[in-house]
There are 2 protein chains.
Amino acid sequence: MTNAPYSGIRVIVYGVGAMGLIATRLLLDKGAEIVGAIGRSPSKVGRDLGDIAGLDRFLGVPVENDLEAVLSRGADIAVVCVSSYLSTMHKHFAACLEHGINVVTIEEETVFPWTTAADQAQSLDALAKANKVTLAASGAQDVFWLNLVTTLLGASHRIVRLSGQCRWNVDDYGPEVAGHLLIGRSKEDFDKYVASSGWPEFVARQTLEALIARIGLEVASITSNVSAVTSEEPIHCQSLGTDIATGFVIGTVDRTFITTREGPRFEFAMEGRVYRAGEADNNLWQVKGEPDLELRCDDANYRFTTCSTLINRIPDVIAAPPGLRSLDMLAPASYRHH
Amino acid sequence: MTNAPYSGIRVIVYGVGAMGLIATRLLLDKGAEIVGAIGRSPSKVGRDLGDIAGLDRFLGVPVENDLEAVLSRGADIAVVCVSSYLSTMHKHFAACLEHGINVVTIEEETVFPWTTAADQAQSLDALAKANKVTLAASGAQDVFWLNLVTTLLGASHRIVRLSGQCRWNVDDYGPEVAGHLLIGRSKEDFDKYVASSGWPEFVARQTLEALIARIGLEVASITSNVSAVTSEEPIHCQSLGTDIATGFVIGTVDRTFITTREGPRFEFAMEGRVYRAGEADNNLWQVKGEPDLELRCDDANYRFTTCSTLINRIPDVIAAPPGLRSLDMLAPASYRHH
């Protein structure tokens with residue numbers, strides 16, 4: 001294996017927020033050629049990608065906000081770290097695919113978009129096939145909530161119930177995520193918001209659906225709910241830059257419950273919360289069945305592993321058959337030594 | 001997915017010890033057709049497989065010791081649970097392959113036999129190819145020490161060192177395994193035996209080599225050692241039916257250290273020991289690198305998961321290209337719902 005396993009792969013960094021900038025460094029470590037960078041923030045457009053990524057060198061790659069200009073120069077793949085939900089991201093993915101550029105993204109719905117965003121998923125699948133390129137999502141969920149679990153199930157004779165629990169730190173992400181989770185609001189505000197606006201399912205449901213599709217079972221019913229986690233003592237929220245008083249929202253727990261026609265039941269509780277000092281990301285999956293099984297990762301470092309898994313996926317996505325490949329359709333991500 | 005996923009698969013149960021009998025029940029659960037059973041013990045030959053497996057029904061499958069008679073009736077695959085090491089098992093595998101019957105086995109060296117039993121591995125590979133069938137090994141190591149770990153590494157940007165630790169219960173297996181580990185002997189006897197006879201590497205080394213091959217690195221050096229674990233208090237050994245006094249051997253720790261040309265280092269400590277009440281099989285893998293990662297399975301139930309993984313592997317082995325397929329060459333085992 002070469003010291004530069006991505007040598008000769010031409011990449012566009014699409015989105016230069018926190019995740020896109022970590023991805024930039026990992027791409028360079030593996031020897032990829034970064035041929036363009038797309039951003040919107042006036043504080044970043046025009047600056048060199050190496051500069052804003054905090055590298056010790058300039059890359060000769062300016063951040064541009066002219067999408068068409070960057071994409072029309074061509075690339076093997078775009079690493080897209082912009083926002084969540086296909087309703088928001090459809091146009092960004094479509095632009096890449098129309099230019100014959102593969103896409104790997106941390107956009108969570110793309111993990112398994114067939115039920116929550118069926119029309120958008122089908123139109124992107126058709127567009128990717130027409131242009132002979134592939135769109136796929138990855139991130140920490142790819143390894144920790146999907147492939148580790150399906151691999152564990154290779155030792156299961158019979159699943160009765162599979163239960164997953166995980167926790168991630170709101171402060172590892174930007175103010176957008178904190179706002180989305182209604183961090184800092186009162187419990188009453190939170191409940192009122194959910195009652196009136198609903199709560200779009202976010203990553204946990206899609207990953208569980210991908211898992212069930214991968215093991216060849218058929219979904220009978222899906223239910224989900226969300227509840228607020230409130231603070232027991234005042235806590236500082238770094239991503240909002242404010243203190244949150246006792247009793248106010250510091251996180252949420254999303255719970256997804258899926259039954260299958262074949263019998264096995266699945267549930268996944270995903271907690272996103274502002275951490276106290278010393279807390280770490282966790283991941284626990286338990287199988288009730290024959291035999292009972294358990295898998296635990298005590299410090300899954302989701303912020304970093306979202307980027308590292310995304311970058312490890314690049315050769316798979318380039319090699320995959322054209323179309324939108326949801327994560328049930330891809331073999332586990334591989335380590336790529338550099 | 002059907003309720004009988006192995007419907008139409010004709011299987012020979014080759015070896016009717018503890019593991020072969022668990023495998024028998026799992027095969028029937030999944031709808032396989034058992035077309036023959038091979039055994040040697042005079043207490044079993046001639047009896048019905050359902051009877052000796054403790055099932056509530058006869059299967060119309062007598063245990064036979066006439067290998068040629070059973071194999072010449074044909075089958076899709078033989079599930080071989082007889083003994084360890086290719087030097088012992090070569091003739092058993094060869095007999096199946098010569099009859100055009102695929103083989104899946106718990107024989108540990110076959111996990112990655114290319115360096116410890118190269119000649120035997122190559123001759124079996126050629127024989128399998130000539131007969132257009134496949135030979136592969138599985139067992140708990142397939143899931144817990146290989147595929148869970150390579151899947152975790154899909155989230156690793158850079159490995160500096162990978163360390164594994166596991167523990168299994170000598171009393172889960174027969175007196176042969178306890179004898180092989182010199183259980184009940186004095187520490188002096190143990191050390192004298194190892195100094196004069198050596199200690200053939202057993203499963204831990206082969207699994208680690210398969211792992212390194214899978215992630216595309218090249219072995220630079222392999223070293224291994226073994227040490228005795230002695231009892232701190234008297235303990236009963238079920239598999240030998242004796243009590244072991246304080247200070248005598250109740251287990252061994254096999255340690256394998258592998259360096260690679262690319263830099264990352266690998267080590268694996270496998271402990272086989274007579275358990276005290278309340279102890280359970282464990283499995284812990286830690287990555288030092290970017291980032292540090294950890295994976296733990298607190299009750300891996302190796303005795304049962306060796307059989308369940310073996311049986312889950314059957315469709316993979318039948319579908320694989322002909323030859324000896326070491327475990328680095330196969331995708332992770334899948335759950336097979338019934």
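Residues numbered from 1 in each chain as written. Chains lettered and ligands numbered in written order. Predicted model: local features only at pLDDT ≥ 70, side-chain atom pairs only at ≥ 80, totals over all residues. Heavy atoms only, no water.

1. With respect to the UniProt feature "domain: Dihydrodipicolinate reductase N-terminal" (unreviewed entry) in chain A
And step 1. UniProt marks residues 9–104 of chain A with the feature "domain: Dihydrodipicolinate reductase N-terminal" (unreviewed entry), using the numbering shown here.
And step 2. Between the end C-alpha atoms of residues 9–104 of chain A there is a gap of 13 Å, over a span that is 36% helix and 21% strand. (UniProt positions renumbered as here; feature names shortened; annotations may be inferred. Helix = DSSP H or I, 4+ residues; strand = E, 2+ residues; numbered from the N terminus.)

2. Quick look at the pairing of strand 11 (residues 249–260) of chain B
Residue and element names in this part refer to chain B.
And step 1. Burial within strand 11 is extensive, with nine of its 12 residues counted as buried.
And step 2. In the sheet, strand 8 (residues 219–230) pairs with strand 11 via 11 bridges, with the strands oriented antiparallel. Note on strand 11: the bridge partner recorded for I222 is I258.
And step 3. Strand direction decides the pairing type here: strand 11 and strand 12 (residues 265–273), joined by nine bridges, are antiparallel. Across the sheet, T259 pairs through a bridge with R265, a residue of strand 12.
And step 4. Counting the residues between successive antiparallel strands, the hairpin from strand 11 to strand 12 contains four residues, one of them, G263, with a positive phi of roughly 125 degrees. (Buried < 20%, exposed > 50% of the residue type's maximum accessible area, 1.4 Å probe, protein only. Pairing = 2+ DSSP bridges.)

3. Focus: the interface of chain B and chain A
And step 1. In this assembly, 48 residues from chain B lie in contact with 48 residues from chain A.
And step 2. Summed over both partners, the interface of chain B with chain A comes to about 3700 Å²; 61% of that surface belongs to carbon and sulfur atoms.
And step 3. On the chain B side of the contact with chain A, B:T151, B:H157 and B:Y335 bury the most area, a combined 21% of that side's loss.
And step 4. Our count for the chain B to chain A interface comes out at two salt bridges.
And step 5. Run the count over chain B and chain A and you get 20 residue pairs in polar contact (both at pLDDT 80 or more). (Contact = heavy atoms within 4.5 Å. Buried area = accessible area lost by both parts, 1.4 Å probe. Salt bridge = Lys/Arg side-chain N within 4 Å of Asp/Glu carboxyl O. Polar contact = N/O pair within 3.5 Å; in protein donor to acceptor, adjacent residues only side chain to side chain.)

4. Topic: the sheet that holds strand 2 (residues 33–38) of chain B
Residue and element names in this part refer to chain B.
And step 1. Pairing within the open sheet is parallel, and its seven strands lie in the order 3-2-1-4-5-6-15. This sheet does not close on itself; its edge strands, each paired only once, are strand 3 (63–64) and strand 15 (323–324).
And step 2. Where strand 5 (residues 102–105) lies against strand 6 (residues 134–137), three bridges are found, and the strand directions are parallel. In the strand pairing of strand 6, V103 is matched with L135.
And step 3. Each of strand 1 (10–14), strand 2 and strand 4 (77–80) is contacted by helix 1 (residues 18–29), which is oriented at about 165 degrees to strand 1, the strand it contacts most. (Axes fitted to C-alpha atoms, helices over the stretch in contact; angles between N-to-C directions.)

5. Quick notes on the relation of the copies chain B and chain A
And step 1. Of the two same-sequence chains, chain B is brought onto chain A (RMSD 0.0 Å, axial shift 0.0 Å) by a rotation of 180 degrees. Look at the turn and shift together and you get a two-fold axis relating the two. Within chain B, the C-alpha atom positioned nearest to the axis of rotation is that of B:R296, 2.6 Å from it.
And step 2. A shared interface surface links the copies, since 100% of the contact residues of chain B are contact residues in chain A too. (Least-squares fit on C-alpha atoms with pLDDT ≥ 70 in both.)

6. Observations regarding the pattern of salt bridges
And step 1. Overall, the coordinates contain 42 salt bridges over all chains when judged by the stated rule.
And step 2. A salt bridge links A:E201 to A:R205; the nearest nitrogen and oxygen atoms lie 2.8 Å apart.
And step 3. Here A:R205 falls in the buried class, since its relative accessible area comes to 12%.
And step 4. Across the pair B:R10 and B:D76 runs a salt bridge, and its minimum N-O distance is 3.7 Å. With B:R10 in strand 1 and B:D76 in the loop between helix 3 (67–72) and strand 4, this pair connects stretches of sequence that are 66 residues apart.
And step 5. Residue class for B:R10 comes out partly exposed when judged on its relative accessible area of 32%.
And step 6. Bridged by salt links that share partners, the residues A:R167, A:E233, A:E271, A:R273, A:R276 and A:E279 form one connected network.

7. So, the nonpolar core
And step 1. Counting residues in each nonpolar core, the largest one holds 174 residues, and the members touching the most others are A:L49, A:V79, A:F144, A:W145, B:V79, B:F144 and B:W145.
And step 2. The residues contacting B:W145, other than those within four sequence positions of it, are B:A140, B:C166, B:W168, B:V203, B:T207, B:L211, B:F268, B:M270, B:N283, B:W285 and B:Y302. (Core = buried A, V, L, I, M, F, W, Y, C linked by side-chain atoms within 4.5 Å.)

8. Comments concerning the packing of aromatic side chains
For any pair of aromatic rings, geometry is given as the distance between the ring centres together with the angle between the planes.
All names here are of chain A.
And step 1. A full pass over the atoms with the stated rule returns 14 aromatic pairs over all chains.
And step 2. Between the aromatic rings of F144 and Y302, the centroid separation amounts to 5.7 Å while the plane-to-plane angle is 85 degrees, which identifies the pairing as edge-to-face. Of this pair, F144 sits in helix 6 (residues 140–152) while Y302 is found in helix 10 (residues 302–312), placing the two residues 158 residues apart along the sequence. For the pair shown, F144 and Y302 are each scored as buried. (Phe/Tyr/Trp six-rings, centres within 6.5 Å; stacked < 30°, edge-to-face > 60°.)

9. Let's talk about the UniProt feature "domain: 2,4-diaminopentanoate dehydrogenase C-terminal" (unreviewed entry) in chain A
And step 1. In this structure's numbering, the residues bearing the UniProt feature "domain: 2,4-diaminopentanoate dehydrogenase C-terminal" (unreviewed entry) are residues 148–330 of chain A.
And step 2. Split by type, residues 148–330 of chain A is 27% helix and 37% strand. Its first and last C-alpha atoms lie 13 Å apart.

10. Describing the domain arrangement of chain A
All names here are of chain A.
And step 1. Looking at the assigned domains, one finds that chain A contains domain 1 (10–138 + 313–329) and domain 2 (141–301).
And step 2. Between domain 1 and domain 2, the C-alpha centre-to-centre distance is 26 Å.
And step 3. Between domain 1 and domain 2, the contact holds 14 residues from the first and 18 residues from the second.
And step 4. Where domain 1 abuts domain 2, roughly 1400 Å² becomes buried across the two surfaces, and 56% of that area is made up of carbon and sulfur atoms.
And step 5. At the surface where domain 1 touches domain 2, the tally comes to one salt bridge.
And step 6. Among the salt bridges present, the one from R313 reaches D142, with a minimum N-O distance of 2.6 Å.
And step 7. In this assembly, domain 1 and domain 2 are joined by eight residue pairs in polar contact (both at pLDDT 80 or more). (Domains from an automatic or database assignment.)

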